[in-house]
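What the coordinates show
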Amino acid sequence: MLEQLSYRPSVIVYTIIVRIYGRVGKIKLAEQAFLEMLETGCEPDEVACGTMLCAYARWGRHKAMLAFYSAVQERGIMLPISVFNFMLSSLQKKSLHGNVTELWKQMVHKGVVPNHFTYTVVISSLVKGGLSEEALKTFNEMKNLGFVPEEVTYSLLISLSCKNGNRDEALRLYEDMRAVGIVASNYTCASLLTLHYKSGDYSKAVSLFADMERNKIAADEVIHGLLIRIYGKLGLYEDARRTFEEIGKLGLLSSEKSYIAMAQVHLKSGDLVKALSTMEQMRSRNIGFSRFAFIVLLQCYITKEDLASCEVTYEALSKTGPPDTISCNNMINLYMRRGLTKKAKDFVMQIRRDGVEFDEELLSNVMKIYCMEGMLGAVEQLIEEMRHNELFNCKFVQTFLLVMHGESRRPSEEKDNFEHLDQHRSLAFELLLILYLACDNSLKTEETLKLVLKTANNGLSVASQLVNQLIKEGDIMKAESLYKLLIEQGCIPEHVASTSLISFYGKQRKPKQAREVFEMAADSSANAKLLCNSTIDAYVKGGQLEAAYLFYKEVSKGGHDLGAVAISKIVNALINGGKYREAEDVVHRSFRDNLVLDTVAYNTFIKAMLQAGKLHEAASIYERMLSLGVIPSLKTYSIMISVHGRRRNLDKAVEMFNMARSMGVPLDERAYSNLVSCYGKAGKVYEASLLFSAMQGEGIKPGKVSYSTMMNIYATAGLYSKAEEVFQAMQKDGCLPDSLTYLDLVQAFTKGLKYAEAEQAIISMQQRGIPPSCAHFKLVLSAFAKAGLMIEAKRVYGELITAGLRPDLTCCRTMLRGYMNYGHVEEGISLLESLRGSMGPDRFMMSAAVHLYKSAGMELRAEEILNSMNSMGIPFLKNLEVGLKMKAP
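A short tour of the structure in this document, coming up.

Points about the pattern of salt bridges
For the coordinates displayed, the defined rule picks out 27 salt bridges. The partner of Glu311 in a salt bridge is Lys343, and the shortest N-O contact between them spans 2.9 Å. Taken together, the positions of Glu311 in helix H18 (residues 307-318) and Lys343 in helix H20 (residues 341-353) put the pair 32 residues apart, joining distant regions of the chain. Among the residues examined, Lys343 registers a relative accessible area of 37% and is labelled partly exposed.

Next up, the structure:
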């Protein structure tokens, strides 16, 4: 190459030539120049060798580079660190991390002193090569030499520690990085956020995100997605929603992971509509649905119980591969909740054909279907299939094998060695009992029950819980069979089974059967009290009040302590059923037996006496309550306000109200309403109005009862404008008026002589679909009759009949009195003739008829009615006078 030169080139010249050819990529010429240098006897130095190595590295000739490096080593030439760095960097760029590691080992062996760049490259390759221990060791060596690692080095090591689950190391590296003033990249933060999310340390994750905001570290979609999940775990649903919206505004919303994360948060918060909306939003933006997206969408439809959409989504999920067990379980549970057993069985056949890998939960769900349907053959086949599955060794399958075939894969597991049944074995026994009951195989049912009772200390509990479960699921025949079988085995079922069965019979109005269960199970003193209470509850719920009362008397005589709750329940039921004498007997018997009663029981007793009209008794019970140190509740004071109100003892009612207030008991609407009513009954309208306003001033919103009470007070006083104000206010507050509300309004208008408004109120209620009663028309009719406006009264009487109502005795009396008072004899007689035969004997009506017929000269008819009155022993009203109101005062 250099033959034409008249002198012999030096090593320097050859090195320059190699460098020139190496720079422009003419590696062959560079190699030829290096060989000529050797042939001319020039001994290459570290610069020449380094130049050639850099040429190879620059142009990706790594095999040649490494071979040349081996030759350089043989010559014992020590290369500068810059050349090593160049080679290391070139190898790393091509992801030849193994070569980087090997070259690094050779450097360490030869004692080459690395610099900051060397460590940065080597640590990166060690991490990417999965050599975590060597990476950390090299990192520590780098720090010990005084080099400050770059953020990217920290980031790689933090990410590696996170992947390896070494949480402490990752956090130590992060804190170390912060200590030297290095701001983390968003990649580092993403790694740490993922670590916190997986470890459940959500507070640290939120704290890290706050650090990112302070340091102005830009968060990408991945980080925002993680934050949404974390907010969801913490129950900060509004923060999650706000974060999702921010991603959209920043134009970063492109990954399905973000949509799915938000949909899952909505699901967890119970907002199914928004969860589905988020998934639909994702679909509308043409973001493809992955397998996981279909799983989440299916969860949404499962929650919604939209069976058709579930089936379509499950089909789409199946096309991505065998569905996950959670989705399969969800589908089976949905079918069973809907009572679609056939569909559930078809679905099980489908997932078995599709090769879905069963977990223990799915296996137990499938077994439950087979057992409930009595599919013994299918159960045996599925258990046999489990022999080739890792689930064969689970307790659930092993229990099935032991009970069905007396075999076990584990020699140590004998039939009589269960001791305490855990959840899996309990479920296996329950399903086997259900299976044999469904097959009507009494022998196997009895054998299985004996086994569970004999071998497990909680066997009776398992069987009792199964009885309860069968009753809840409506499978009463199986429950009854199992319950009776337990009794036959000499076992008294736990109260959960007995009370459940008694309750069922109560709802079915079968007191005899409820009593039979009580007698079978009440021998156990531990169950006696609970069973007594359940039996009374069953009678009450079944409307068998007389049976409940007789049962109460019987068990009380037997020395059973029913407890305050049962006593309260029976007294309350008897009062509501109008059986005041029986309720009073229970109250007095409780006092005679010195039963320990609570506040609720005393409240019930006081209320019972109030409703029975025995107000003195109610007050006495209250005094007894205080003397025994039983603390009154707000309800106690409210009831006592009503008691004193009914006794017309306003002072005592106010005393009760003030006592409740002075004791710090927070007063409710009922307490205020009761005292407002008391003021009204005492004619103290102003005081009632003040208290009604004070209640609202305390922030207590009046309900329908309070509004009606105040309206009635104004109506009774004839303050129609005030009554109308309350009427409008209650509607504004969302309390819809009813028939009684309108009755008060009509009364207010008629007392205020506002006849047109009263009639309009009746029309208004009809327009609202509320049918008026005789009482509504009677108020208007009476007002017209008293005023002598009999033409108007007759018109209203006609409207009453047109409305489909039959005038009652009071209406007829009102009309007849009006005709008599104002001398409308003919109209009065006409009314009497129209009512002939439709009204029973009434003193006023018959007396008025005698006076009217005499006034019209119809003496014979008058005499006839008078004789009829005498024969029936009805006294004649002599003081009635036709035209009484027409006489001058």
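Description of the packing of H20 against helix H21 (residues 360-372)
For the pair H20 and H21, the least separation of the axes is 10 Å and the interaxial angle reads 135 degrees. Taken together, H20 and H21 sit at an angle that is classed as oblique. Crossing hand, H20 versus H21: left-handed. Residues Ala344, Lys345, Val348, Ile351 and Arg352 of H20 touch H21, and the partners they reach there are Leu362, Val366, Ile369 and Tyr370.

Things to note about the environment of Met65
Relative to the assigned elements, Met65 resides in helix H4 (residues 62-74). Residues Met65 and Cys54 lie 11 residues apart in sequence; the distance between their C-alpha atoms is 8.2 Å. Every residue in contact with Met65, bar those within four places of it in the chain, is listed here: Leu53, Tyr56, Ala57, Met87 and Leu91.

Here's the deal with the packing of helix H37 (residues 650-662) against helix H38 (residues 669-681)
Between H37 and H38, the least distance of the axes is 10 Å, while the angle of their chain directions is 160 degrees. Relative to H38, H37 is oriented roughly antiparallel. Pair H37 / H38 crosses with left-handed handedness. Of the residues in H38, those touching H37 at Leu650, Ala653, Val654, Phe657 and Arg661 are Ala671, Tyr672, Leu675, Cys678 and Tyr679. When its residues are assigned to classes, the contact of H37 with H38 shows 9 nonpolar, no polar and 1 charged.

A few points about the packing of aromatic side chains
Per the counting criterion, the structure on display carries 13 aromatic pairs. Between Phe657 and Tyr672, the ring centres sit 5.1 Å apart and the planes meet at 75 degrees, which makes this aromatic pair edge-to-face. Of this pair, Phe657 sits in helix H37 while Tyr672 sits in helix H38, placing them 15 residues apart in sequence. Like Tyr672, Phe657 is buried. Both rings, one in Tyr720 and one in Phe749, keep their centres 6.2 Å apart while their planes meet at 35 degrees; by these two values the pair is tilted. Residue Tyr720 is found in helix H41 (residues 720-732), and its partner Phe749 is found in helix H42 (residues 739-751); the two are separated by 29 residues along the sequence.

Remarks on the side chain of Thr814
Following the sequence through the fold, Thr814 ends up in helix H46 (residues 809-821). Taking the relative accessible area as the measure of exposure, Thr814 reaches 15% and is therefore buried. Discounting chain neighbours no more than four positions away, the residues touching Thr814 are Leu781, Ser782 and Ala785.

Quick look at the state of the cysteines
Tallying each qualifying case throughout the model produces 0 disulfides. Looking at the unpaired Cys371, the closest cysteine sulfur is the one in Cys439, lying at 8.5 Å. Its relative accessible area of 0% is what places Cys371 among the buried residues.

Analysis parameters
- Residues numbered from 1 in each chain as written.
- Predicted model: local features only at pLDDT ≥ 70, side-chain atom pairs only at ≥ 80, totals over all residues.
- Heavy atoms only, no water.
- Salt bridge = Lys/Arg side-chain N within 4 Å of Asp/Glu carboxyl O.
- Helix = DSSP H or I, 4+ residues; strand = E, 2+ residues; numbered from the N terminus.
- Buried < 20%, exposed > 50% of the residue type's maximum accessible area, 1.4 Å probe, protein only.
- Axes fitted to C-alpha atoms, helices over the stretch in contact; angles between N-to-C directions.
- Parallel < 35°, antiparallel > 145°, perpendicular 65-115°, else oblique.
- Left-handed = near helix turned anticlockwise from the far one by under 90°.
- Contact = heavy atoms within 4.5 Å.
- Nonpolar A, V, L, I, M, F, W, Y, C, P; charged D, E, K, R; others polar.
- Phe/Tyr/Trp six-rings, centres within 6.5 Å; stacked < 30°, edge-to-face > 60°.
- Disulfide = S-S within 2.5 Å.

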